[in-house]
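Fold and geometry: a report
Chain by chain, the residues:
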Amino acid sequence: MALLLFQRCLPRLSSRFSTQNVKYITTETSQSLRVKSHICCLSQCNKNTDILNFDKISKSCCNHSQFIFTRKFHVSNNYYNEVVVVNTPSFADSISDGDVKLEKAVGDFVKEDDVVCEIETDKTSVPVPSPKSGIVEEYLVEDGQTVTAGTPLFKLKITDAPADSAPKSAPAAEAPTPTQQPPKAEVAPASSTSGPIPTTPPPAQPLPKDPISTKPLDSIKPKSAPASQNVPLSGSRSETKVNMSRIRLRTAQRLKQAQNECAMLTTFNEIDMSNVIDLRKQYKDAFLKKFGLKLGFMSAFVKASAYALTDQPVVNAVIDNKEISYRDYIDISVAVSTPKGLVVPVIRSVEKMNYADIEKEIASLGEKARTGSLAIEDMEGGTFTISNGGVFGSLFGTPIINPPQSAILGMHAINDKPVAINGKVEIRPIMVVALTYDHRLIDGREAVTFLKKIKSAVEDPRVILLDI
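The text that follows walks through the structure, step by step, so that each part is easy to find.

Next up on the list: a positive patch on the surface. Taken together, the side chains of R280, K281, K284 and K294 present a region of like positive charge at the surface. Mapping K294 onto the fold places it in the loop between α3 (274–291) and α4 (298–311). The class of K294 is exposed, set by a relative accessible area of 66%.

The subject of this paragraph is the packing of aromatic side chains. Using the criterion set out here, one finds four aromatic pairs in the structure. Geometrically, the ring pair formed by Y139 and F154 is edge-to-face, given 6.2 Å between the ring centres and 65° between the ring planes. Taken together, the residues Y139 in strand β10 (residues 134–139) and F154 in strand β12 (residues 152–158) connect sequence positions 15 residues apart. Under the relative-accessibility criterion, Y139 is labelled buried at 14%. We classify F154 as buried; its relative accessible area is 0%. Over the ring of F297 we find R280; its NZ or CZ atom is 4.6 Å from the centre of that ring.

Our focus in this paragraph is the pairing of strand β9 (residues 125–129). One ladder, built from five bridges, connects strand β8 (residues 115–120) with β9; its direction is antiparallel. Looking at β9, one finds that V115 is bridged to P129. Linking two consecutive strands that pair antiparallel, namely β8 and β9, is a turn of four residues.

Here we take up the packing of α4 against helix α6 (residues 444–459). Geometry of a packed helix pair, given as the angle between the helix axes and the separation of the axes. Contact pair α4 / α6: the axes reach a minimum separation of 8 Å and the direction vectors enclose 135°. By the criterion of interaxial angle, the relationship of α4 to α6 is oblique. At the point where α4 passes α6, the crossing takes the right-handed sense. Taking contact as the criterion, the partners of A300, F301, A304, S305, Y307, A308, L309 and D311 in α4 are, on α6, F450, K453, I454, A457 and V458. Of the residues belonging to the contact of α4 with α6, the class tally is ten nonpolar, one polar and two charged.

Considering the arrangement of structural elements, one finds S125 in strand β9. Among the residues examined, S125 registers a relative accessible area of 5% and is labelled buried.

Moving on, we get to unusual backbone geometry. Cis geometry is found at the peptide bond from P403 to P404, where omega equals 5°. The residue D113 is not glycine, and still its phi comes out positive at about 75°. Summarising the element assignment, D113 is placed in the loop between β7 (109–110) and β8. Given a relative accessible area of 55%, D113 falls into the exposed group.

A word on the pattern of salt bridges. Summed over the entire model, instances satisfying the criterion amount to 13 salt bridges. A salt bridge links E367 to R370, with the shortest nitrogen-to-oxygen separation between them at 3.1 Å. Within this pair, E367 and its partner R370 are both found in helix α5 (residues 355–371), separated by three residues, close to a single helical turn. What makes E367 partly exposed here is its relative accessible area of 41%. Accessibility expressed as a relative area gives 64% for R370, which makes it exposed. Among the ionic pairs, E446 bridges to R445, the shortest N-O distance being 2.9 Å. Residue R445 is classed as exposed on the basis of its relative accessible area, which comes to 62%. What you see here is one network of salt bridges that share partners, running through D97, D99 and R246.

Cut-offs and rules
All residue numbers here refer to positions counted from 1 along the written sequence of the relevant chain. Local features in this predicted model are restricted to residues of pLDDT 70 or higher, and side-chain atom pairs are both shown and tallied only at a pLDDT of 80 or more, whereas totals for entire chains, interfaces and linings draw on every residue. Water and hydrogen atoms play no part in the side-chain values, which are based on all heavy atoms of the structure. Patch construction takes residues with relative accessible area above 30% that form no salt bridge. Like charges are linked within 9 Å, and nonpolar side chains (Val, Leu, Ile, Met, Phe, Trp, Tyr) are linked within 5 Å. The Shrake-Rupley method, run with a 1.4 Å probe sphere, supplies the accessible areas, and residue values consider only the shown protein chains as cover. When a carboxyl oxygen of Asp or Glu lies within 4 Å of a side-chain nitrogen of Lys or Arg, that pair is called a salt bridge. Here the positive residues are Lys and Arg and the negative ones are Asp and Glu; neither His nor the chain ends is included. Charge placement uses NZ in Lys and CZ in Arg. For Asp and Glu, CG and CD serve respectively. Helix and strand assignments come from DSSP, with helices taken as H or I runs of at least 4 residues and strands as E runs of at least 2, each series counted from the N terminus. Here's how the labels work: a residue is buried when its accessible area is under 20% of the maximum for its type, exposed when over 50%, partly exposed in between, all with a 1.4 Å probe on protein chains only. Two rings from Phe, Tyr or Trp (for Trp, the six-membered ring) form a pair when their centres sit within 6.5 Å of each other. Planes less than 30 degrees apart are called stacked, planes more than 60 degrees apart edge-to-face, and all others tilted. Note on geometry: a ring has a charge over it if NZ (lysine) or CZ (arginine) is within 6 Å of the ring centre and within 35 degrees of the ring normal. Strands were regarded as paired on the criterion that DSSP finds at least two bridges between them. Between N-to-C directions, angles cover 0 to 180 degrees, with each direction set by a line fitted to C-alpha atoms, over the stretch in contact for helices. Throughout this description, any angle smaller than 35 degrees is read as roughly parallel, any larger than 145 degrees as roughly antiparallel, any in the 65 to 115 degree range as roughly perpendicular, and the remainder as oblique. Throughout, a crossing is termed right-handed when the near helix is turned clockwise from the far one, and left-handed when it is turned anticlockwise from it by less than a right angle. Contact criterion: two residues are considered in contact whenever any of their non-hydrogen atoms come within 4.5 Å of each other. Classification used: nonpolar for Ala, Val, Leu, Ile, Met, Phe, Trp, Tyr, Cys and Pro, charged for Asp, Glu, Lys and Arg, polar for all others including Gly.

So, in structure tokens, the structure goes:
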């Protein structure tokens, strides 16, 4: 490139300089190709260098002037047909390895940032996106293989989208040829009976003259049932075994650990949801207009739980070997069910939040859980857990503690039930709530008092403002 530019510039300067005393220098950077054609007259003159534009050459010069011609050329960052190796991304400090789950096949074209494979760890799935647009040329690991950070995963050939990858228009479906139906047989019209309608019933049949013969029951032998024919059952009776994901394996281990270590006990109560439903109906439009979010029931229970945890700090504590660790902060984990397993993202410092802040955080964490973009930092910690099985229609249940926490609140579906209000029976929307707690640390008095605090704060949020 530099030689070509020099050859183009040389005729314009041939009348002034000798081509025998000319040299050029070429430099290249990663972002642009800078070609410098240094045309200088080798002499003993030490005059300053004149930097001239390529399109416009200064006419003022002397016999020993030095001219520098500079022109920039833009070069794209994509080097087509280049093959790059994509490695396993780094994990969090608490994770050492993970299992590979391939999402694309060899030969598939992927765009930039498309997920080629995922690394399933004990807590979350780490997506591995494509750094550039190209074709997956080769996988360096197998599906399900355990890898560590920095392990080569696949080779990517950087290129444009192939021409045959454009979506082709589906061929027009041929119109079904009308089949000729056989002519229907003409049905003879029913003959209509004419005549007067009888007004008297027909005469009764005469009774038989001979007596009816009786047969003793002992002499009657039951008939044997016909032999059943072996009719083959329709449908497949095969079995399919698949490997459990790392998240489900880890969840199973933690749940079994909680059953083995904790002395779990569950207490129940009923919450009248009338005031919360009326509050939601009255302010849902104004709440949506101001914050851009719908006012749900979870914010009421999260705020009520923070209020009750402040009143009963032992529920927010945890057993640490032979010591009890009391926390002066409240981080509430919200159990979320995903296709890959159960995850529990954490809402931190709930005691400092209002309803709007809680709804924003729940919406953000829920979106991350649905898209599989939850980070390890989003699920670490937590001093108390809320599990809402009511979204699936659960009426009653006993949740399992999320170790190393000491208690978990279970929400259930809302159903209309008859309740006694001021000596009268009324139909109210009732939710059954369950509190499972570690009896090694929390006594029954603290557990029941804690659940009643949640009940009063949900039924009448004004108790939080009055702190009663």
